[in-house]
Structure formats: structure tokens, C-alpha cells
Amino acid sequence: MTHRIPWILIVFLAALCVPWLGSRFYTFLATDIAILALFAMSLNLLLGYTGLVSFGHAAYFGIGAYTCAILMQTAGVPFVFSFAAAGLVAGFFALVFGVFCVRLTKIYFAMLTLAFAQITWAICFKWNDVTGGEQGFSGVPLPDLSLMAAIPGLGGFRPPERFYFVVLALVALSFVVLRRIVESPFGRMLTVIRENPERAEFIGLHVRRYELAAFVLAGLFAGLAGALFGIFNRGVFPDLLYWTKSAEVLIMTLLGGMGSFWGPAVGALVLTLLNQQITAYTQYWPLVLGSVLIVLLFVFPGGIVGALSAAARRLRRA
Amino acid sequence: MEPSFIFGQFVGGLTAAMTLFLIASGLSLIFGVLRVLNFAHGSFYMIGAYLAWQIVQWIGPGGEGFWLAVLGAAVGVAVLGGVIERLLLRHLYRREELYQLLFTYALVLVIADMAKLVWGTQQFGVSRPPSLAGSFQVFDTTVPHYNLFLVLLGPAIALGFWYFLNRTRTGRMIRAAALDREMLGTLGANVDRLYTGMFMLGSFLAGLGGALVTPIKSIIPGMDVAIIVEAFIVVVIGGLGSFWGTFFGAIIYGQVLSFGILIFPRFSSFAVFALMAAVLILRPWGLFGRPISR
């Protein structure tokens, strides 16, 4: 390991340049990818780092989306506060649900996360007065970013592009925080729990409490991602919380590779671009996704990043 | 509230419960022995419904050929399940649960689109067989013969299974496989074949359920993901892998849904999920299951 190429910085700078390509569509796609990357990375805190399979992660994404959208649209709260509130509310629900979930293991943990997610979905689906029920509500306003016009070079951009810069900054900031978390002693403890929960218990770790903390953090970041998604999507719908959405983010994480920090982000990127390409030709996207997933499970269980790093290792040895 | 109305709700709930039992029992058997939570079970149910419709079209709708279609659909789904188990699922038993879960989810996606490719997106329906087309009046409530048939079929199948699992040699092997797969293999049983057989049997039940609901429910895309969540609730309430648990879980589910609509019109779907969560919190192994020591 002599020259480490700062890939992360390169990718970030490249992402920053997207609006200058002059295509609204590219900016749209890049916003989508950045938000989903955060969503998948939040899940990986549980999946890859703590070894907990949550089948209801979409709940926290959806709670964040609803919180932010309701605050901004109905109550007229500024974006900064709504965004923060989305994370806090999602984190709070993750705490309430998580207390019960972490008492279970394996398949039962997955089932209970699924049950709680479906409960939240059912509430959002039926509680017409607050959530808009089945229709959800559309027309979530973009945050007021007129301040940005003062920044030299950014004045000429339209609101969606300005919002993209905000998304990029917030997502990048979240990644920094997530990175700090997994590299902290706390994050290392999570890995210990993943590898061997019994042993972690023996050496005196309060396993459930660590798992709960991871669950809350994962929920919080999912909520932040959801808040951004609601605005980007210009609407919030119960579908955001349905169990198939939870499965989608699992696939994203697995596709990129849950064994590495950046894997889920790669998964979000690849899956979104693939979706874009495929749906241009055929409506049978689920068929393609399912087939990709089967190949992935049998041939590349480590995901894209896992396969690439294995290939790189082989090259270096040769 | 009038008694006849309550009776009507009760019968409605029971009919829903018994069809759901057919599907959930397959899910529960597969989980009990193979330890795989099969998301694709709902897809098998949907394929069963489509196959039944297709066979009815071939042999001409309206006659007693309906029963042939039901049998054909269930066997077709069992074969599909067997092929999937043999070719793919088998290789994932030793992997983490996540991989098995996602594999069955991949099947959900693939099967749903395949069904769309073959049958399109329009709604289909199958009429009741002439022998059960009538209905009778109980407490001023109309109960179609067909619904009564479904209500009676559930316990019949449950009893049949009880006999099969507890009184036959294969049944004993299945119960042994659920407890300790390796030991059973060491004792000389062909565990691989047993697993394939179990998966086919579970798929058969899903296909049977799908075929039998065609006279009371329309066949539409999306029926797969809707039913699997309901089946999950049932097996979780009763206890994953517990056979009688699934039976009573289905009855409880049907009644909670049926009467929940009266008490909280808007939140009845919420009530069943809340029940599922409550069971998982208080007795993760279900109302009728036993805790797994591990």
C-alpha cells in the first residue's frame, strides 16, 4: 500500500460537478442516488456492523419523510428544523420499537421489525387527518434557498439544483459522522457483537444496550434520508413504508456489499442507474432485479465491493 | 348489534381464516423443518390461483371440472416448488438467514413478473362449481355452500396433517428433521429428499389455497405480497413451526380482522399487526409454540 488514491474525495468532487453538466435529469438522478445511499448506509450500521437483519427499515425512512413534510407543509417550519426533527422523531420511534426488537434474535428480530414497520404503514395509510391516508400528500415545498444566490457561481441554478447541493452536503456530513461512529470504540464493539454475541456478553458487554444504540442511530439516519427524500419526491406516500421498500434497501446494501463501509452507497448507485437503464426498455424491472439478486446471492455473496476487492487482492498478488 | 349480523361477521371471519390456514400451514411446515422463512409462499399461492383459472379455461368453465383444476393447480405449484428447492434453495441452507430471506424475496419479484408476462394484468374470476353453487340461511344470514365447504376443509386438512405427522413413519422423520437434521442424516435417513418433499408439500398447500379462493376472490397481480404478510401474521401469532398454532392463529386472525372492522372501522388492519407485535413481544415463540432452546 504505497499510494492510496483518495477515491472518496474524487467521487465527492465529481458529484459536486453534476449540476454543471447542464442536464436537469442528471441532477435529479444524482439527488436520488445520494439520498438512497444514505438510507442504505444507515441500514448497514445494523446489517453489516452489528449483524442484525432488520426487515422494517423503511419505517424510519418513512417516519422521517412524514415528519419533515408535515412540519414544512402544514406547520410552515423552516427546513433546518424540520430536517433535524425528522431525524429525532425517527430515532425516537426506533428507540421505542427497538427496545422490544433487540430482546429477540435472528428471524424473530426480523419478524418484529417487520411487524412494527407494517403497523406504522397501516397508521400512515389510514390516518387521513394527519398523513393524508392512502393518497399521502403531494406538493411538499422545496426549502427556501434564496440565500444560496449570494454564493458566487451558484446564483444561476434553479431550486432543484440548489436543493441538490444541500442534499449532497448533508449526506456527506452524515457519512463523516457514520464513519466516525463505526471507527469509534463503540463501533468496534458492534463488530464484536456481530462476530460473537455470546462472547461479547461474557467479556462484560451489555449486548442489548449496544444493539439498541445501533438501532436508534440507524433509525435516525434513515429518518434524515427520508426527510430529504420527501422533499426531493415532492410528496410523501404510505408506499415509502411498505415492507417491499424495506426489502429494496436490503438488496441495495447487499448488492454493494455489506462487508465494507462504502458498499451500500455503491449498491444505491448501481441499482438506481440500472433501474434507470432497464425501465427505459421494459416494464419488467422486478424480473431483472430478482434475477440480479439471485445471481448475486449465488455468485457474489460479498456484493460488488466484495468482489472488486477480492479481484484487486488477486491482481496485487500476481 | 343484531345476533344475525354478528353471526355473519363470524362466518365471514371463519371463511377467511380457513383459506388463510391452508396457506399459512404450508409456510409454517416449511419453516418448522427447513428453517427457511419463505417470502415466495404468497407467490406460490398466486400461481395456484392463475393455474386454476387457466385449467378452467381449457376444460370449459362452469362445470365440475373445477375440482380437476384445483388439483392440477396444486400439483403444478408443488412441482414448481420442488424444482426451485432442488436447483437453487438447497445451496443456501448453510448460509446465513439473510441470504435465504433475500433469495425467497427474489423469487417473489421474478414470479410476479412472470405471472404478468403470461397472464397480463387484468382481473380474473372463477365461478363456484355447480355442486356447491347454492346457499342456505342461518340466523337470517346467507351462507354459500362453497364457504361452508372451505370452513369444513380447514379442520379436515388439519386433522389429516396431525395424523400424518404423528402417526406415520414419514411424519416421524419430518419431526426428527425439525429437531436435528444432522443426527437424522447420520442415522441413515435421506434428509435431502425429505427436505425437497417438505418444500413440495408446503408449495402444494399454497397452490391449493390459491386455487380454492378463486371462486370467492378475484385473481389480480399483487395478491402475492398482500397474502404473504397475512400468512406471516398467522404463523407468528400461532408460533412459527407449530402446526396447531397455525390453525388457531388463523382463526384468531380471521375473527380479529372481521370484528376489528366493526370496532375500529379504520384501524382493523392495524389491530392485527398490533396483535402480531404483542405476541412477538410477550411470547416470541407464539401462543401455541414452544421456545426454541439454542
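Model, not experiment: these values are computed from the prediction. (Residues numbered from 1 in each chain as written. Chains lettered and ligands numbered in written order. Predicted model: local features only at pLDDT ≥ 70, side-chain atom pairs only at ≥ 80, totals over all residues.)

**A few points about the overall build of chain B**
Looking only at helices and strands, chain B has eleven helices and two strands in total. When the backbone C-alpha atoms are referred to their principal axes, chain B occupies close to 60 × 45 × 35 Å. (Helix = DSSP H or I, 4+ residues; strand = E, 2+ residues; numbered from the N terminus.)

**Comments concerning the overall build of chain A**
Tallying secondary structure elements over chain A gives 14 helices and two strands in all. Relative to the globule expectation of 20 Å for 318 residues, the C-alpha radius of gyration of chain A, 20 Å, shows essentially globular dimensions. Based on the C-alpha atoms only, the size of chain A along its principal axes is roughly 55 × 50 × 40 Å. Residues classed as buried in chain A amount to 48% of the 318 residues present. Expressed as a percentage of contacts within chain A between residues at least 6 apart in sequence, the contacts between residues at least 24 apart total 76%. (Rg over C-alpha atoms; globule rule 2.2 N^0.38 Å. Buried ≥ 20, exposed ≤ 12 C-beta atoms within 10 Å, placed from the backbone. Contact = placed C-beta atoms within 7 Å.)

**Here we look at the interface of chain A and chain B**
Accessible area lost upon the coming together of the parts is a frequently used measure of interface size. The partner chain B presents 29 residues to the 32 residues of chain A that form the contact. Here the side of chain A that touches chain B takes twelve residues from helix H5 (residues 106–126) of chain A, the largest share from any one element. Residues of the side of chain A that touches chain B, tallied by class, amount to 26 nonpolar, four polar and two charged. (Nonpolar A, V, L, I, M, F, W, Y, C, P; charged D, E, K, R; others polar.)

**Re the nonpolar core**
Counting residues in each nonpolar core, the largest one holds 207 residues, and the members touching the most others are Ile35 and Ala37 of chain A together with Ala52, Leu102, Tyr253 and Met276 of chain B. For this core, the leading source of residues is helix H10 (residues 207–232) of chain A, giving 16 residues. (Core = buried A, V, L, I, M, F, W, Y, C linked by C-beta atoms within 7 Å.)

**Some remarks on the packing of helix H1 (residues 3–34) of chain B against helix H10 (residues 243–263) of chain B**
Residues and elements named next belong to chain B. Orientation of H1 relative to H10, taken along the N-to-C sense of each, is 145°, at an axis distance of 7 Å. Two packed elements cross with a definite hand, and for H1 against H10 that hand is right-handed. Looking at the contact of H1 with H10 residue by residue, the class counts come to 15 nonpolar, ten polar and no charged. (Axes fitted to C-alpha atoms, helices over the stretch in contact; angles between N-to-C directions. Left-handed = near helix turned anticlockwise from the far one by under 90°.)

**Thoughts on helix H5 (residues 145–167) of chain B**
One turn of the α-helix equals 3.6 residues, which is why residues spaced by three or four share an orientation. For H5 of chain B, which comprises 23 residues, the first-to-last C-alpha distance of 32 Å matches the rise-based estimate of 33 Å (1.5 Å per residue) to within 8%. Elements in contact with the buried residues of H5 of chain B: H1, strand E2 (141–144), helix H8 (191–213) and H10 of chain B. (Expected span 1.5 Å × (residues − 1).)

**Let's talk about unusual backbone geometry**
In the Ramachandran plot, Arg234 of chain A falls in the positive-phi region, its phi being about 55° despite a non-glycine side chain. Checked against the element boundaries, Arg234 of chain A lands in the loop between H10 and strand E2 (235–236). Judged by the 13 C-beta atoms lying within 10 Å of it, Arg234 of chain A falls in the partly exposed class. The phi angle at Arg35 of chain B is positive, at roughly 60°, despite the residue not being glycine. Since 17 C-beta atoms lie within 10 Å of it, Arg35 of chain B is described here as partly exposed.

**What to know about the pairing of strand E1 (residues 135–138) of chain B**
All names here are of chain B. Sheet topology places E1 next to E2; four bridges connect them, and they run antiparallel. Counted as the bridge partner of Val138 is Thr141 from E2. Where E1 folds back onto E2 in an antiparallel hairpin, the turn is made up of two residues, including Phe139, whose phi is positive at roughly 50°. (Pairing = 2+ DSSP bridges.)

**Regarding the confidence of the model for chain B**
The predicted structure's coordinates, where accompanied by low pLDDT, should not be read in detail. Overall, the prediction assigns chain B a mean pLDDT of 84, with 97% of residues at 70 or greater. For this predicted complex, the interface score ipTM comes out at 0.81, while the overall pTM is 0.86. (pLDDT = per-residue confidence, 0-100.)

**Comments concerning the confidence of the model for chain A**
Model confidence for chain A is summarised by a mean pLDDT of 85, while 96% of its residues fall at 70 or above. Mean pLDDT across the elements of chain A ranges from a minimum in helix H6 (residues 128–131) of chain A, with 74, to a maximum in H10 of chain A, with 92.

**Considering the environment of Ala85 of chain A**
Residue and element names in this part refer to chain A. In this structure, Ala85 sits in helix H4 (residues 79–101). Sequence separation between Ala85 and Leu224 is 139 residues, and the spatial gap between their C-alpha atoms is 8.7 Å. Leave out the neighbours within four places in its chain, and Ala85 touches Thr67 and Leu71.

**Remarks on the environment of Phe204 of chain B**
Residue and element names in this part refer to chain B. Mapped onto the fold, Phe204 is located in helix H8. Sequence separation of Phe204 and Gly48 is 156 residues, and the distance between their C-alpha atoms is 8.7 Å. If near-sequence neighbours (up to four positions away) are discounted, Phe204 is found in contact with Ala74, Val77 and Ala78.

**What to know about helix H7 (residues 159–183) of chain A**
Residues and elements named next belong to chain A. Its 25 residues give H7 an end-to-end C-alpha distance of 36 Å, which sits within 8% of 36 Å, the value for a rise of 1.5 Å per residue. Among the residues making up H7, those that are buried are Glu161, Arg162, Phe163, Tyr164, Val167, Val171, Ser174, Phe175 and Leu178. For H7, the secondary structure elements touched by its buried residues are helix H2 (24–50) and H10.

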